[in-house]
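# Summary of structural features
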Amino acid sequence: MLSGIVRGWLQRIDWFAVGGILGLFVVSRVALILIGVMTQVTLGDGAIGRLIDFGCRWDCGWYLAIADRGYTMGYDAEAPGATTYAFFPLLPLMMRGIATATGLGLQQAGMLLTNLCFVAILVYIYRYVLLLCYSRSTAMLSVALLCIAPQTFVFSAVYTESVFVLLLVAAMFHMRREHFIRAGIAAALLSATRANGVFFIIFALVWIIQRFGWRSLLCPWQQVQAYIPILLAPLGLFAWWGYCWWATGDAFAQVSTVGHGWGWFGGFFLENLWWYFQGSPEYLFWTISTLILFAASLLLLRMRLYAEFAFCLAIFILTWSGGGAHSMLRYTMILFPIWIAIARHIDGRAAWTAGVVAILAMVNAFLMVQWTLGKTLSM
């Protein structure tokens, strides 16, 4: 009986799609590693070292410290006021669990985790596009665009992006499939990965309105199961606040240390954008990049993907409202629906596809060079 179940499951797998997804993953990762190696040899100090170290820059050290020693109030010597409480717990917890289960070092466990999550992301995105009733070519093109998108190397680094996007696409996918318990669990874990994960609630509310109508908001008991993900979504964030209060006496220790250690204080997003435009070349690059992505997100409206657009808009406003432009591109490139929208509109147009792929690949390669050399432009 069990063999029959396994045989049926294997027969339902689209092996052509699996091969294409794995091929894109491998080729894109190998290309980035080669760029890193050539950069280190030609522009760096010539010492290649361990290839795994290409996946550990900046925040990676904080996550390794948390996975190794837990949260502490010790300050970083180079950034007074900075503590490990700036970083959410799910990634280091998973790293520690994998390291314990496999015997790997924490960095190796982190790299294994993020790369496996990235493969799962690509599979989910492929299925997500099919769920939206678009073609297999659009689905595969969406996967390809995410593999070569600017800063896509962080999906293979010890950063939260892989875990975050996997939980995000899983929550959205299962919400659309009306698997509300699964969507809620993914959403709860999402808000334990990064604070902006709680904005999944916006997606869920807009989707409920599209699916059941405006009256469902006035009479939620009529579709109570659809509200399960909304109720579960903030639990990860609440649990983190509870731990911070227990450990430090400040439930919002994450906000406090980010402000004092990194100078991240909120402001009106339009004023911030104006200030960024007048800032350094790096600020200008990050600002223009996110504005281009925002323009691309408007394609979601043409596709009537209003829930996805609402989520993207909320993340853009939140990102622009931060007190610094650092990492704005990285914070917004996690918006996978944008890559689906671009793929949908260039699919079947060879010239457009070639142009978009070439531009994305060149920008990604350039940023990989910056990442390898430790330049803050790639943060």
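Starting from 1, residues in each chain are numbered consecutively following that chain's sequence as written. In view of the model being predicted, local features appear only for residues whose pLDDT reaches at least 70, and side-chain atom pairs are presented and counted only at 80 or more, with totals across whole chains, interfaces and linings using the full set of residues. Calculation of side-chain values draws on the structure's entire complement of heavy atoms; hydrogens and water are dropped beforehand.

### Concerning the environment of Ser 327
- Comment: elements are numbered from the N terminus, with helices defined as DSSP H or I runs of at least four residues and strands as E runs of at least two. Topologically, Ser 327 is positioned in the loop between α17 (306–320) and α18 (328–332).
- Any residue under 20% of the maximum accessible area for its type is buried, any over 50% is exposed, and the rest in between are partly exposed; the area is computed with a 1.4 Å probe on protein chains only. The exposure class assigned to Ser 327 is buried, which follows from its relative accessible area of 3%.
- Separated by 310 residues in sequence, Ser 327 and Ala 17 have C-alpha atoms that sit 33 Å apart.
- Only heavy atoms enter the contact rule, under which two residues are in contact if any of them lie within 4.5 Å. The residues touching Ser 327, leaving out its near neighbours within four places in the chain, are Trp 286 and Met 379.

### Let's talk about helix α4 (residues 90–102)
- In a regular helix each residue adds 1.5 Å, so 13 residues correspond to 18 Å; α4 covers 18 Å between its end C-alpha atoms and thus fits that length.
- For α4, the set of buried residues is Leu 90, Leu 91, Pro 92, Met 95 and Ala 99.
- Contact partners of the buried residues in α4: α3 (59–69), α5 (106–131), α7 (161–176) and α8 (180–190).
- Backbone geometry just downstream of α4 places Gly 103 in the positive-phi region, at approximately 85°. Every helix has an expected span of 1.5 Å times one less than the residues it contains.

### Side note on the side chain of Ser 321
- Within the element layout of this structure, Ser 321 appears in the loop between α17 and α18.
- Residue Ser 321 is classed as buried on the basis of its relative accessible area, which comes to 18%.
- The contacts of Ser 321, once residues within four sequence positions are left out, are Phe 265, Gly 266, Gly 267, Phe 269 and Asn 272.

### Quick look at the packing of aromatic side chains
- Only the six-membered ring of Trp is used, alongside the rings of Phe and Tyr, when aromatic pairs are assigned; centres must lie within 6.5 Å, and planes under 30 degrees apart are stacked while those over 60 apart are edge-to-face, with the rest tilted. What the rule picks out here adds up to 27 aromatic pairs.
- With a centroid separation of 5.9 Å and an interplanar angle of 15°, the aromatic rings of Trp 240 and Tyr 243 are classed as stacked. Of this pair, Trp 240 and Tyr 243 are both found in helix α12 (residues 235–248), 3 residues apart, which corresponds to roughly one turn of the helix.
- Its relative accessible area of 32% is what places Tyr 243 among the partly exposed residues.
- When the centroid spacing of 5.7 Å and the interplanar angle of 70° are considered together, the rings of Phe 294 and Trp 320 count as edge-to-face. Taken together, the positions of Phe 294 in helix α15 (residues 281–297) and Trp 320 in helix α17 put the pair 26 residues apart, joining distant regions of the chain.
- In this structure an aromatic cluster arises from ring pairing among Tyr 71, Tyr 85, Phe 88, Trp 240, Tyr 243 and Trp 246.

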